[in-house]
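Structure assessment
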Amino acid sequence: MSDPSLPTRRSAGVSRRGFIAGTGSILGLGLLSQTSHAAAATTSIGNGERVPVLIIGSGYGGSVAALRLAQAGIDVHMIEMGKAWDTPGSDGKIFANTKTPDVRSYWLRTRTKQPISNFLGFPLDKDVPRHTGILDAEDFSGITVYQGRGVGGGSLVNGGMAVTPKRERFGAILPSVDADEMYDVYYPRANAGLGVNEIDRAWFDTTDCYQYARVGRKHAERSGFDFVYVPNVYDFNYMKQEAAGNVPRSALAGEILYGNNAGKKSLQQTYLAQAKATGRVTISPLHRVTSVTPASGGYTVTIEQLDTGGNVTATKTVTAGKVFFAAGSVGTSKLLTKLKATGALPGLNGEVGKGWGDNGNIMCGRANHMWDPTGSLQSSIPTVGIDNWDEGGAFAEVAPLPTGIETYASLYLSVTNNPHRAQFSWNAGTGKVDLNWQTSWKQAGIDMAKSVFDKINRKEGTIYRTDLFGVYKIWGDHLT
Ligand SMILES: Cc1cc2nc3c(=O)[nH]c(=O)nc-3n(C[C@H](O)[C@H](O)[C@H](O)COP(=O)(O)OP(=O)(O)OC[C@H]3O[C@@H](n4cnc5c(N)ncnc54)[C@H](O)[C@@H]3O)c2cc1C
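Predicted, not measured: the structure shown is a model, and the values here were computed from it. (Residues numbered from 1 in each chain as written. Predicted model: local features only at pLDDT ≥ 70, side-chain atom pairs only at ≥ 80, totals over all residues. Heavy atoms only, no water.)

**As for the pattern of salt bridges**
The condition is simple: Only one rule defines a salt bridge in this text: a Lys or Arg side-chain nitrogen within 4 Å of an Asp or Glu carboxyl oxygen. Every helix listed is a DSSP run of H or I at least four residues long, and every strand listed is a run of E at least two residues long, numbered separately from the N terminus. When a residue's accessible area, from a 1.4 Å probe over protein chains only, is under 20% of the maximum for its type it is buried; when over 50% it is exposed; and in between it is partly exposed.
Tallied over the full model, the rule gives 22 salt bridges. The shortest N-O distance in the salt bridge between Lys166 and Asp387 comes to 2.8 Å. Of the two residues, Lys166 sits in the loop between strand S6 (144–148) and helix H2 (167–173) while Asp387 sits in strand S13 (residues 384–388), which places them 221 residues apart along the sequence. The exposure class assigned to Lys166 is partly exposed, which follows from its relative accessible area of 32%. Taking the relative accessible area as the measure of exposure, Asp387 reaches 6% and is therefore buried.

**Re the side chain of Thr270**
Mapping Thr270 onto the fold places it in the loop between helix H6 (236–244) and helix H7 (271–277). What makes Thr270 buried here is its relative accessible area of 8%.

**Here we look at helix H1 (residues 60–71)**
Operational definition: Expected helix span is computed as 1.5 Å times (number of residues minus one). Any two residues having at least one pair of non-hydrogen atoms within 4.5 Å are treated as being in contact.
Over its twelve residues, H1 runs 17 Å from end to end, which matches the ideal 16 Å to within 8%, given 1.5 Å per residue. Of the residues making up H1, those classed as buried are Gly62, Ser63, Ala66, Leu67, Leu69 and Ala70. Buried residues along H1 sit against strand S1 (50–56), strand S2 (76–79), H7, strand S8 (281–284) and strand S11 (312–325).

**Overview of the confidence of the model for the protein**
Under the convention used in this document: The predictor attaches a confidence to each residue, and that confidence, scored 0 to 100, is pLDDT.
Per-residue confidence for the protein averages 92 on the pLDDT scale, and 92% of its residues sit at or above 70. For residues 1–39, every residue scores under 50 in pLDDT, and the model assigns this stretch 199 contacts once sequence neighbours within four places are set aside.

**Examining the sheet that holds strand S7 (residues 226–229)**
For clarity, the threshold we go by: The rule for pairing is simple: two strands pair if DSSP sees at least two bridges between them.
Across the sheet, six strands lie side by side as S7-S13-S14-S15-S12-S18; this open sheet has antiparallel pairing. In the strand order of this sheet, the two ends are held by S7 and strand S18 (463–464), each with one partner. The pairing of strand S14 (residues 394–399) with strand S15 (residues 409–416) spans six bridges and is antiparallel. Within S15, the residue paired with Phe395 across the bridge is Val415.

**A look at the packing of aromatic side chains**
Selection criterion: Aromatic pairs are defined between Phe, Tyr and Trp rings, using the six-membered ring for Trp, whenever the two ring centres lie within 6.5 Å; interplanar angles under 30 degrees are classed as stacked, those over 60 as edge-to-face, and all others as tilted. For a Lys NZ or an Arg CZ to count as sitting over a ring, it must be within 6 Å of the ring centre and within 35 degrees of the ring normal.
Under the criterion given, the structure shown has 16 aromatic pairs. Relative to Tyr183, the ring of Phe170 lies with its centre 5.6 Å away and its plane at 85°, an arrangement referred to as edge-to-face. You can see Phe170 sitting in helix H2 and its partner Tyr183 sitting in helix H3 (residues 179–194), a full 13 residues away along the chain. When the ring of Tyr183 is compared with that of Tyr187, the centres are 4.9 Å apart and the planes differ by 55°; the resulting orientation is tilted. Taken together, the residues Tyr183 and Tyr187, both in helix H3 and four residues apart, mark about one turn of the helix. Counting every residue linked through ring pairs, the aromatic cluster contains Trp203, Phe204, Tyr210, Tyr212, Phe227 and Tyr229. Its end group placed over the ring of Trp107, Arg149 keeps NZ or CZ at 5.9 Å from the ring centre. If you follow Arg201 out to its NZ or CZ, it ends over the ring of Tyr229, 3.7 Å from the centre.

Here's what the structure looks like:
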């Protein structure tokens, strides 16, 4: 998003739903930052190597599995298609700023694909060199799916919002799981392990960088909606220091979508750092698993080694006693769909590739009155949301729009209860996996988002922004 002809800053982000009401996203642009990232024990797995356990992917699923296996005394090798993200670029920083996407920002694209594509009539995307960058905007026929690429997976690029689902909603989604154990043991353990913390409400009420969120609160409450504070893995004490001018800025510089150079606890600082400390976990970045087949003593895993241009520089076969698929909802589904269709991995059940949802994501902006400024300084870390799930099927994150100028815009990323589910299928002609999500299915989510924003607009006498997702387009309905 950074057309050099534009003087302002802009950006965007996305998030996820689970079954609750949590989102997390961002839009940001900024200035300075700093590097502070614990490198994992990275290597390049050898052709013909044998490992007891191989984990595909180094996001949340892979990192937690690696740590617990290592703590149980088992040696683990993680295979990650993205980069290690442990080396500063020529500007001295590991991660690019959201306002100035560069070679580091996108996964093998030659043009950026920013969630907020336009601003005040200007298209924001720009050409970038093709590179194994941090954010994949993966295009399927009816939807663009944003994903993190690198050691740390989605934790590198996400909004860090850490939602514990409402307990009354839990049983309907996972009826076979012991809810007492989840709420007494596992959610507290995960929150502690991830470094989840809550914003100081007194500071929230006064700091310039959350004026946009306070405007969101005022409008939500005046329309009678529940307003909730959402915990985050970004260190709010660090953010206070940013605001005080004592440390390099990250959230207050708009960093997020292409990585945070400080303040945010990604998996690199939490589970992966702990896993590394066991001495039992090794990671091969820029390695992509393409096949898993049964073999004597376990599985034969085929792995492509990539250079930073995305070219395959070697194809390796490795034997693993056990294989854990933790490649994300898209990555794991694509692999399993292919392995089932080609018969490479027998015994997979008929649910493989089915039931994929879009997180119900819908974005929109509202144009406020001149007496409701949202602030020129906006923290890129979202902390609050509007909960209309039970009544209207929507939970809306009050999202930042950190352009560096006053926009009088309120931006929202909604998670909705969209019932549509898509299916992955193997396309033997192209040798790729397709997804049959249909753009029109987003209408269900739009209707749920409208349950919140039509009401607020009526109450406030305001209108939707039409300049953020195209030309005269209200809804960001093309992504998750
Ligand atoms: C922009 C953005 C904002 C978000 N905001 C929030 C938020 O605020 N709160 C929240 O709870 N959630 C948020 N999410 C969602 C959250 O990040 C994901 O739900 C989470 O990362 C999923 O974890 P995972 O372990 O399943 O997969 P991932 O974290 O996606 O990890 C999978 C890893 O596997 C790798 N991989 C894939 N295929 C292969 C292969 N064949 N070989 C080798 N490696 C492979 C990938 O590169 C990736 O690193 C956001 C996501 C995005 C993209």
